[in-house]
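# Close look at the chain arrangement
Here is what each chain is made of, one letter per residue.
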Amino acid sequence: MLTAFARAFKTPDLRKKLLFTLGIIVLYRLGAHIPVPGVSYENVQTCVDQASKGNNSLFGLVNMFSGGALLQITIFALGIMPYITASIILQLLTVVIPRLEALKKEGQSGQAKITQYTRYLTVALAILQGTGLVATATSGALFSGCPVADQIVPNHSIFTTIVMVVTMTAGTAAVMWLGELITDRGIGNGMSILMFISIAASFPGALWAIKQSGKLADGWIEFGTVILVGFVMVGLVVFVEQAQRRIPVQYAKRMIGRRSYGGTSTYIPLKVNQAGVIPVIFASSLLYIPALIVQFSNSTAGWATWIKDHFVKGDHPYYITAYFLLIVFFAFFYVAISFNPEEVADNMKKYGGFIPGIRAGRPTAEYLSYVLNRITWPGSLYLGLIALVPTMALAGFGGANQNFPFGGTSILIIVGVGLETVKQIESQLQQRNYEGFLR
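Keep in mind that this is a model prediction, so the values were computed, not measured.

Before going further, it helps to examine the overall build of the protein chain. A tally of regular secondary structure across the protein chain gives 18 helices and 5 strands. By the burial criterion, 45% of the 439 residues in the protein chain qualify as buried. For the protein chain, contacts bridging at least 24 residues in sequence account for 71% of all contacts bridging at least 6. About 22,900 Å² of surface is accessible on the protein chain, with carbon and sulfur atoms providing 63% of the total.

This is the structure:
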């Protein structure tokens, strides 16, 4: 990986793309520290310090995706999360709405139309989430237990609320634009890189907090153990993310005129973790809903107390069990809607392709579905273990919770984006160093 970056910096046009990407990253991190107009910066810092000591993780997932900007209530407080949500919603609706499915099959023009719909939906979600965040901060529910939580927004007028919502919505649109700039003029994969930076930005502070809270050798034993466990988890994730089942495909020869076409052999790569990090995000988001309902309702009924006791802390057995089962369920659900064996079998049959030993058509679709279900089981169990094992193993180091930096969501995203970025850089290097047949 380091060799690829070193070779990229030696190539003039790739060096410009890398420096441009670094400049966009600096702007993104700068915007994550500029407070929204109407917010008391001193009171926010007081509540953030108290929340970090109390390990309040109710908004931890969204705060992690914003690089810590959510709880700071900055102009980039919503971060990349509205775009991620909009992209997932459009991907799910593609299976349900025939118009979107037709656009997906149109190629580049249809994909451009879907991207435009994603932008509109991102702005709508940003307005909705920004309004909810402002209402939560104004009522003092954003930092429950903080003595100055209700003074974070001193002015409760409608004009101040509108200005805050418009500012955060514009910040989300700016983040979306920065990501597209990286995709068009940088090294590519812009939105994923911004998400990578948001998560990685919280690593140094979290690791140093573990060192300060440690008791063995002034905290260095705990610090070193966490680093070691982190490297082991990253190695495991890289190994599984690269694992795939290759289904061999043979294309028959076709005679067109006096020339023959086809007769080649290829394969269909079915990844063990076909769903990626989406099931973990779905499960985490779904488990936040009960805690949010209890916090906003301020109810003291029996059901509210039961939720507070069992579904707020990430180390409770009920929470762990529900989290694991939801991850397994969403892994199968997402694979079922993202990979269509019937469509793949029809395309193979159309172009004269077949799997050796399997008849074309419906038997091919049934075989692909059978293989996909078999490899999805270990993939879903792997996702569940990656999401839970770091939390349980590191619970004694700094009070790790389900949003600990070396937890499942952060490791899966960082490793996945890192591998994809390195592949893109290497592919661009191969294009520029290709000598061809004439030297």
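Right, let's talk about the sheet that holds strand β1 (residues 244–251) for a bit. Taken together, the 3 strands give an open sheet; going across it, the order is β4-β1-β5, and neighbouring strands pair in antiparallel fashion. The outermost strands of the open sheet, each flanked by one partner alone, are β4 (265–271) and β5 (353–354). In the sheet, β1 pairs with β4 via 7 bridges, with the strands oriented antiparallel. Within β4, the residue paired with Q244 across the bridge is K271.

With that out of the way, let us pick up the confidence of the model for the protein chain. Averaged over all residues, the pLDDT of the protein chain equals 80, while 85% of them reach at least 70. Below a pLDDT of 50 lies the segment residues 398–403, which in the model reaches 19 contacts outside its immediate sequence neighbourhood of four places, other chains included. Long-range and interchain partners of residues 435–439, a stretch whose pLDDT sits below 50, account for 0 contacts in this model, where long-range means more than four residues apart.

With that settled, consider the environment of K308. In this fold, K308 is placed in helix α14 (residues 302–310). Once the C-alpha coordinates of K308 and P290 are considered, the two residues, 18 residues apart in sequence, prove to be 8.9 Å apart.

Here the focus is the pattern of salt bridges. Tallying each qualifying case throughout the model produces 3 salt bridges. Between E366 and R362 there is a salt bridge, with its nearest N and O atoms 3.2 Å apart. Taken as a pair, E366 and R362 lie in helix α17 (residues 362–393) at a separation of 4 residues, close to a single helical turn. With relative accessibility at 64%, the residue R362 sits in the exposed group.

Next up on the list: helix α2 (residues 12–31). Given a rise of 1.5 Å per residue, 20 residues ought to cover 28 Å, and the 29 Å separating the end C-alpha atoms of α2 matches this to within 8%. All of the buried residues in α2 are L14, L18, T21, I24, I25, Y28, R29 and G31. The buried residues of α2 occupy an angular sector of 155° when the element is viewed end-on, so they sit on one face. Away from the buried face of α2 by more than 90 degrees, exposed residues K16, V26 and L30 are located.

A word on the layout of surface pockets. Estimates place the volume of the largest pocket at around 1,700 Å³. What lines the largest pocket is a set of 42 residues, and nearest its centre among them are Q91, N189, S192, I278 and Y334. Listed by contribution, the elements that provide at least two residues to the lining of the largest pocket are α6 (81–96), α8 (108–139), α9 (158–185), α10 (190–200), α12 (220–242), β4, α13 (278–297) and α18 (408–432). Taken together, the residues of the lining of the largest pocket break down into 18 nonpolar, 16 polar and 8 charged.

In this section: the nonpolar core. Of all hydrophobic cores here, the largest spans 99 residues; its most connected members are I73, F143, I152, L270, V280, Y323 and L412. Apart from residues lying up to four places away in sequence, Y323 is in contact with V280, A283, S284, L287, A387, L388 and T409.

This part takes up α14. Side chains that are three or four residues apart share a direction in an α-helix, a result of its 3.6 residues per turn. When α14 is considered as a whole, its buried residues turn out to be A304, I307 and H310. Burial along α14 is one-sided: seen end-on, the buried residues are contained in an arc of 145°.

So, how was this worked out
- Residues numbered from 1 in each chain as written.
- Predicted model: local features only at pLDDT ≥ 70, side-chain atom pairs only at ≥ 80, totals over all residues.
- Heavy atoms only, no water.
- Helix = DSSP H or I, 4+ residues; strand = E, 2+ residues; numbered from the N terminus.
- Buried < 20%, exposed > 50% of the residue type's maximum accessible area, 1.4 Å probe, protein only.
- Contact = heavy atoms within 4.5 Å.
- Areas by Shrake-Rupley, 256 points an atom, 1.4 Å probe, with all protein chains shown as cover.
- Pairing = 2+ DSSP bridges.
- pLDDT = per-residue confidence, 0-100.
- Salt bridge = Lys/Arg side-chain N within 4 Å of Asp/Glu carboxyl O.
- Expected span 1.5 Å × (residues − 1).
- Arc of directions from axis to C-beta.
- 1 Å grid on protein atoms, 1.4 Å probe; cavity = no way out; pocket = protein on both sides within 12 Å on 5 of 7 lines; lining within 4 Å.
- Points joined across faces, edges and corners; volume = space filled by probe spheres on them.
- Nonpolar A, V, L, I, M, F, W, Y, C, P; charged D, E, K, R; others polar.
- Core = buried A, V, L, I, M, F, W, Y, C linked by side-chain atoms within 4.5 Å.

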